[in-house]
Amino acid sequence: MTKLTITAGFLLASLLCSTLFITSVLASQENAQVAIIAAKKAILNAYGAVAQAESTGADVKSLIAPLNEAAVLLSKAELSYAGKEYDLAYSYAKQSQGKVVGVSQQASELQQDTLIATSQSNLHTFLTLAAAVSFLFAGIGVWAFLNKQEKRRSHETTLV
Amino acid sequence: MKLHSFRTVIFVLTASLSLLIASPSLQKLLVFPVGDKISEMWLLGPSHKVEYPSNTTTDENLRLYVVVNNHLGSSAYYSVEVKFRNQTQSEPNSFNHTHSTLPSICAFNFFVADNQTYELPMDISLGYELDRKIPLRLNMQNVTVNGVTIGYNSTVIDWDIAKAGFYGNLFFELWRLNETTGAFQYHQRYVGLWLKLAT
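Every chain begins its residue count from 1, and numbering advances along the sequence as written. Here every chain gets a letter starting at A, and every ligand a number starting at 1, in the order they are written. Side-chain atom pairs in this predicted model are given and counted only at pLDDT of 80 or more, local residue features only at pLDDT of at least 70, and totals for whole chains, interfaces and linings cover all residues. In computing side-chain properties, one takes all heavy atoms of the structure into account and sets aside hydrogens as well as water.

Segments assigned H or I by DSSP are reported as helices when at least four residues long, segments assigned E as strands when at least two residues long, and all are numbered from the N terminus. The helix and strand tally for chain B stands at one helix and eleven strands. Along its sequence from the N terminus, chain B presents helices and strands in the succession α-β-β-β-β-β-β-β-β-β-β-β. With C-alpha atoms as the basis for the radius of gyration, the globule rule is written as 2.2 Å multiplied by the number of residues raised to the power 0.38. Taken against the 2.2 N^0.38 rule, which gives 16 Å for 199 residues, the C-alpha radius of gyration of chain B at 28 Å runs more than 25% over that of a compact globule. Dimensions of chain B, computed from C-alpha atoms along their principal axes, come out at roughly 110 × 35 × 30 Å. A buried classification covers 44% of the 199 residues belonging to chain B. Here the accessible surface of atoms and residues is derived via Shrake-Rupley with a 1.4 Å probe, and residues count as covered only by protein chains that are part of the display. Of the roughly 10,800 Å² of accessible surface on chain B, a fraction of 56% belongs to carbon and sulfur atoms. Taking the 15 positively charged and 16 negatively charged side chains of chain B as two groups, their mean positions are separated by 12 Å. Accessibility here uses a 1.4 Å probe with only protein chains present; expressed as a share of the type maximum, an area under 20% marks a residue as buried, one over 50% as exposed, and anything in between as partly exposed. This count recognises Lys and Arg as positive and Asp and Glu as negative, with His and chain-terminal groups excluded. Throughout, a charge is located at the NZ atom of Lys, the CZ atom of Arg, the CG atom of Asp or the CD atom of Glu.

Structure, rendered in structure tokens:
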């Protein structure tokens, strides 16, 4: 009876440990998967903001470095996940998310600065062209006036 | 000397001055021809040159560099997919601009700003063994990329009678994020090399 009890207890303990281990691995795998998906989304969002800023003419080179750090960590996370190293994959994925924090905000600020600079530049361009055209018309006006005067003098000289 | 004698000179001077004043603004309005918008991709061997290993043994480390250059006019989000095939499996096709239908072993994502270059170092080793039942056949076991071993036993390599050896093709496809769909799309660029697998 005692032997049976011990054996049954041992089997039960083994079963419990196995279940706990499998659950732990599955939870670890799921956590890693969720973290990787979140990291992918964070990078996509950050890149979207950077691409939008770039489309307005902003110089976004300074934002490529943190994006790349995040992308490299995400690649490491996915590679670790493929190699069934779930805890490592989770860690890399979390680090990846951390790298893009603030990138969207910075991109937005760059975009605003560029829009203001572009607006000022456009105004400057307009004023410069207006000044140039005015100068040209003034020159034409002076030429026409002097030309008319010359013709009048020639006409007066002929009459005399 | 009367002023009207210099009317032409005055006109030419004012016209030249107008052009000078307007030139910085005109530069902004002028549209210059733009070159082709493309991405370049190439492969470098262990010594950073166009010299590649042609043979490998099981679990032997191969150091390669995949280099991508962005000439698209804006920054891009790329992905390099690592694939391995035998002589009969699906390969990328330059004429049809299609990628291999094989699943990738792994992928590396990175960003490249316009007119910039990105270099991706990789340490790859192939794990394989001779098939014990079928003669002249290699069974792929795994592929180790940057220290991480990934199971890859779906590919078998048969003896190539013409070349007298077991040959496998390690190749890298370039994919690029489509900002509209939010998914990576094959960018019609790939590089690769054939390796003789020694036993």
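Let's pick the thread back up.
This part takes up the packing of aromatic side chains. Residue and element names in this part refer to chain B. What counts as a ring pair is set by centres within 6.5 Å for rings of Phe, Tyr and Trp (its six-membered ring), and what kind of pair is set by the plane angle: stacked under 30 degrees, edge-to-face over 60, tilted for all other angles. Within this structure, the stated rule accounts for ten aromatic pairs over all chains. Throughout this description, the term charge over a ring refers to an Arg CZ or Lys NZ atom that lies within 6 Å of the ring centre and within 35 degrees of the ring normal. The ring of Tyr-167 has Lys-163 sitting right over it, with the charged end atom 5.2 Å from the ring centre. Here the basic side chain of Lys-163 rests over the ring of Trp-194, its NZ or CZ set 5.5 Å away from the ring centre.

As a further point, take the interface of chain B and chain A. We call two residues in contact when some of their heavy atoms are within 4.5 Å. With 38 residues of chain B at the interface, the matching set in chain A holds 34 residues. Here's the idea: put two parts together, see how much 1.4 Å probe accessible area each one loses, and the total over both is what we call buried area. Across the chain B to chain A interface the summed buried area is about 3,200 Å²; carbon plus sulfur atoms make up 68%. Secondary-structure elements contributing two or more residues to the side of chain B that touches chain A are helix H1 (7-29), strand E4 (76-85), strand E5 (106-112) and strand E8 (148-151) of chain B. Considering each element in turn, the side of chain B that touches chain A owes the most residues, 14 residues, to H1(B). Three residue categories are used. Nonpolar comprises Ala, Val, Leu, Ile, Met, Phe, Trp, Tyr, Cys and Pro, charged comprises Asp, Glu, Lys and Arg, and polar comprises the others, including Gly. Residue composition of the side of chain B that touches chain A, grouped by class: 22 nonpolar, twelve polar and four charged.

All right, on to unusual backbone geometry then. Note: most residues except glycine have negative phi, and most peptide bonds are trans. Residues and elements named next belong to chain B. For Leu-136, which is not glycine, the phi dihedral falls at a positive 55°. Mapped onto the fold, Leu-136 is located in the loop between strand E6 (117-130) and strand E7 (137-145). We note that Asn-146 has phi near 50°; this positive angle belongs to a residue other than glycine. In this fold, Asn-146 is placed in the loop between E7 and E8.

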